[in-house]
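# Remarks on the overall topology
Next come the chains, spelled out residue by residue.
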Amino acid sequence: MATRPHLFSNVPVFLAASALDEMQRIVVAIEAAAHLPSYREAVLSWAPEIAQRDFGPIGALMGYDFHLDDDGPKLIEVNTNAGGVFLNAVLAKAQKACCSEADRALIGARDNHFEASVIAMFTHEWRRQRGAGSPRRIAIVDDRPEEQYLYAEFVLARQLLLKHGVEAVIGDASKLKYEGGRLRLDGNEIELVYNRLVDFALDGPEHTALRAAYQDGAVVVTPNPHNHALFASKRNLTLLSDPAALEAFGLSPELRSRLTGIPRTTLITPDNLDTAWQSRKDMFFKPLSGHGSKAVYRGDKVTKGVWAEIARGGYVAQSFAAPGQRMIEIDGAPAPRKMDVRLYTYDGQMLLAAARLYQGQTTNFRTPGGGFAPVLAV
């Protein structure tokens with residue numbers, strides 16, 4: 001907390017239980033679409049070569065991000081390396097409820113259910129690729145992990161795994177070695193990688209060893225390039241928000257109706273550039289290859305210089321969905337904070353829900369009174 005003063009907000013967020021149910025229904029519909037052969041063929045058509053092969057894992061700790069407006073929850077993004085779940089599990093345990101009703105409403109890790117679910121998740125990912133058994137050593141991998149803003153989360157993940165008898169290490173991806181059909185870190189064999197890299201195709205030269213081991217099936221990687229291609233590529237939202245495309249893929253009418261909760265998203269092309277410029281004030285522009293909130297622009301803030309960058313391609317335009325709002329107290333005075341909600345899931349099932357409070361264009365963990373906040377269903 002000394003070095004991350006705005007990591008946690010000091011308030012909870014209250015949400016209607018019906019809104020959380022609606023979010024969960026959207027998650028289930030997206031995961032159902034991702035199982036349709038014609039949908040998979042479409043999204044893999046623009047995915048890199050490394051993403052084409054399915055080794056079995058379905059992606060550990062997915063993150064589905066929502067804004068909530070008067071029309072209900074709107075899904076704005078899907079993440080395969082969603083950060084914050086282990087931090088929010090600690091936050092949920094630490095939350096002191098004012099009364100038993102609030103205690104029951106807390107959507108988080110009040111007991112050992114979350115820990116058991118995480119261990120079962122990694123075991124399931126292992127068995128989807130290896131068939132039986134469980135991994136003996138897991139590496140939590142990122143670039144220069146100790147420099148990452150959420151490094152504390154890696155420590156918490158390692159502690160959880162160790163507590164349940166799984167050997168776990170935190171590793172820099174550039175320090176991995178692949179020799180003799182074995183992936184090693186500091187001389188020790190790594191059997192499963194919990195992948196927190198934002199190099200989703202493992203393209204970087206510092207990821208050569210991990211890339212080779214993954215492609216050879218010598219290590220279980222989760223989430224992996226195939227998972228990212230199926231779920232988290234921003235271009236996929238152009239299909240998931242298109243009812244006609246979903247019908248053509250064979251998604252049922254009931255599931256299609258759930259996905260009206262995804263703002264219409266279109267790929268920016270030379271053909272629609274003028275139209276996009278005219279309607280930019282109602283749009284959010286996101287880079288296809290981006291992560292977090294990098295190079296994301298709200299349309300009414302776009303300058304001519306930024307537009308020139310967008311016009312070069314590699315962007316989607318998403319209809320603007322207003323974030324929710326939470327009033328908090330700063331220095332004795334009420335102040336508004338924007339709010340989004342993230343569902344952390346595995347295999348379509350929610351493990352934990354958390355909110356993020358912020359000011360500005362996107363979540364940033366630099367806002368007084370902002371940061372992760374526990375969610376209470378009312």
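Please refer to the structure placed before this passage.
Criteria and thresholds
- Residues numbered from 1 in each chain as written.
- Predicted model: local features only at pLDDT ≥ 70, side-chain atom pairs only at ≥ 80, totals over all residues.
- Heavy atoms only, no water.
- Core = buried A, V, L, I, M, F, W, Y, C linked by side-chain atoms within 4.5 Å.
- Buried < 20%, exposed > 50% of the residue type's maximum accessible area, 1.4 Å probe, protein only.
- Contact = heavy atoms within 4.5 Å.
- Axes fitted to C-alpha atoms, helices over the stretch in contact; angles between N-to-C directions.
- Helix = DSSP H or I, 4+ residues; strand = E, 2+ residues; numbered from the N terminus.
- Parallel < 35°, antiparallel > 145°, perpendicular 65-115°, else oblique.
- Nonpolar A, V, L, I, M, F, W, Y, C, P; charged D, E, K, R; others polar.
- Polar contact = N/O pair within 3.5 Å; in protein donor to acceptor, adjacent residues only side chain to side chain.
- Salt bridge = Lys/Arg side-chain N within 4 Å of Asp/Glu carboxyl O.

Okay, the nonpolar core next. Residues Leu15, Ile30, Tyr64, Leu75, Leu240 and Leu259 are the most contacted members of the largest nonpolar core, which totals 48 residues. Setting aside chain neighbours within four positions, we find leucine 240 in contact with Ile30, Ala33, Tyr39, Leu246, Leu259 and Ile262. Listed in part, the 36 residues of the second largest apolar core include Phe8, Trp126, Val220 and Phe372.

Our focus in this paragraph is the packing of helix α2 (residues 37-44) against helix α8 (residues 225-232). Where α2 contacts α8, the two axes come as close as 9 Å, and the packing angle between them is 105 degrees. When the axis of α2 is compared with that of α8, the two are roughly perpendicular. On α8, the residues touching Tyr39, Arg40, Val43 and Leu44 of α2 are His226, Ala229 and Leu230. Looking at the contact of α2 with α8 residue by residue, the class counts come to 5 nonpolar, 1 polar and 1 charged.

Taken across its 8 residues, α8 has 8 buried, putting it largely inside the fold. Residues Pro225, His226, Asn227, His228, Ala229, Leu230, Phe231 and Ala232 constitute the buried set of α8. Looking at the packing, one finds that the buried side of α8 touches α1 (17-33), α2, β2 (62-69), β3 (72-79) and α7 (208-215). Capping the start of α8, asparagine 224 holds a side-chain oxygen 3.0 Å from the backbone nitrogen of histidine 226, two or three residues further along.

In this section: the pattern of salt bridges. Tallying each qualifying case throughout the model produces 16 salt bridges. One salt bridge in this structure joins arginine 144 and glutamate 147, with 3.4 Å as the shortest N-O distance. For aspartate 203, the salt bridge goes to arginine 211, with nearest N and O atoms at 3.2 Å. Classification of aspartate 203 as exposed rests on a relative accessible area of 58%. Through salt bridges that share partners, Asp65, Asp340, Arg342 and Arg356 make up one connected network.

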